[in-house]
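# Per-entry structural report
Residues per chain are reported as follows:
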Amino acid sequence: MRRAIALSENSVRTGGGPFGAVIAKDGAIIAEASNSVTIDHDPTAHAEVNAIRAACARLRSFDLTGCDIYCSCEPCPMCLGAIYWAHLDTIYYANDRKAAAGIGFDDDFIYQEIDRPLAERHRPIRVLLPEEAKKAFEMWMNSTSKTEY
């Protein structure tokens, strides 16, 4: 956790957001990253996502079972989703989302949006061409060479 916190502090010094993340396996760090949203011009470049990408590249796997993630702050909804998709075993964090909101990083509106019915969300969500899109799903279901995840 101290390394994640150090990464968050260094990120502020170098123009990134105040967030760091470390992924460890069997007690050894296999990946670490900080927030680079403004540096990379990428809204998905949160510390956790960057660390997951680095860990997956290092292990040459999309499955990080057996690994833990240490985050300098409670993960936002996007990062939490990525953590679950990566199958990380345990999530440790230092600052909570209320502390993050106190410095202008308020993810609560996203948590609230997820709970709203689609018709009540602040961004329009529309279904378009579902019948045409089903073909890819059928192809996936019938494929004998797919790698499930």
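Residues numbered from 1 in each chain as written. Predicted model: local features only at pLDDT ≥ 70, side-chain atom pairs only at ≥ 80, totals over all residues. Heavy atoms only, no water.

## Things to note about the environment of Ala6
Inclusion rule: Numbering of helices and strands starts at the N terminus; helices are DSSP runs of H or I of at least 4 residues and strands are runs of E of at least 2. Each residue's exposure class comes from its accessible area (1.4 Å probe, protein chains only) as a fraction of the maximum for that residue type: buried when under 20%, exposed when over 50%, partly exposed otherwise.
Looking at where Ala6 falls in the secondary structure, it is placed in helix α1 (residues 2-13). With a relative accessible area of 30%, Ala6 lands in the partly exposed category. Each C-alpha atom, one on Ala6 and one on Ser34, is 9.5 Å from the other, the two residues being 28 residues apart in sequence.

## Points about the side chain of Glu113
Test applied: In what follows, residue pairs with any heavy atoms lying within 4.5 Å of each other are defined as contacts.
Tracing the backbone shows Glu113 in helix α6 (residues 108-115). Excluding its chain neighbours within four sequence positions, the residues that come into contact with Glu113 are Arg121, His122 and Arg123.

## Concerning the environment of Lys25
Residue placement: Lys25 occurs in strand β1 (residues 20-25). In sequence terms Lys25 and Ile69 are 44 residues apart; their C-alpha atoms lie 9.1 Å from each other. Excluding anything up to four places from it in sequence, Lys25 contacts Ile30, Thr65, Gly66 and Cys67.

## Some points on unusual backbone geometry
One can expect most non-glycine residues to show negative phi and most peptide bonds to be in trans. Phi is positive for Asp26, close to 55°, though the residue is something other than glycine. Along the polypeptide, Asp26 turns up in the loop between β1 and β2 (28-34). By relative accessible area, Asp26 is classed as exposed at 75%. One non-glycine residue, Leu129, adopts positive backbone phi at about 60°. Here Leu129 falls in the partly exposed class, since its relative accessible area comes to 48%.

## Observations concerning the nonpolar core
Definition in use: The set of buried Ala, Val, Leu, Ile, Met, Phe, Trp, Tyr and Cys residues whose side-chain atoms join them within 4.5 Å is what this entry labels a nonpolar core.
Judged by nonpolar contacts, the single largest core of 20 residues is most densely connected at Ile23, Ile52, Ala55, Leu64, Cys67, Ile69 and Leu88. For this core, the secondary structure elements donating two or more residues are β1, β2, α3 (47-59), β3 (67-73) and α4 (77-86). Considering each element in turn, this core owes the most residues, five residues, to α3. Leave out the neighbours within four places in its chain, and Ile23 touches Ala28, Ile29, Ile30, Ala31, Ala51, Ile52, Ala55, Leu64, Cys67, Asp68, Ile69 and Leu88.

## Some thoughts on the pairing of β2
Keep this limit in mind: What makes two strands pair is DSSP finding at least two bridges between them.
Bridge count for β1 against β2 is six bridges, and the pairing is antiparallel. By the bridge assignment for β2, Ile23 is matched with Ala31. Where β1 hands over to β2, the hairpin turn is made up of two residues, of which Asp26 adopts a positive phi near 55°.

Just geometry here; none of it tells us what the structure is for.
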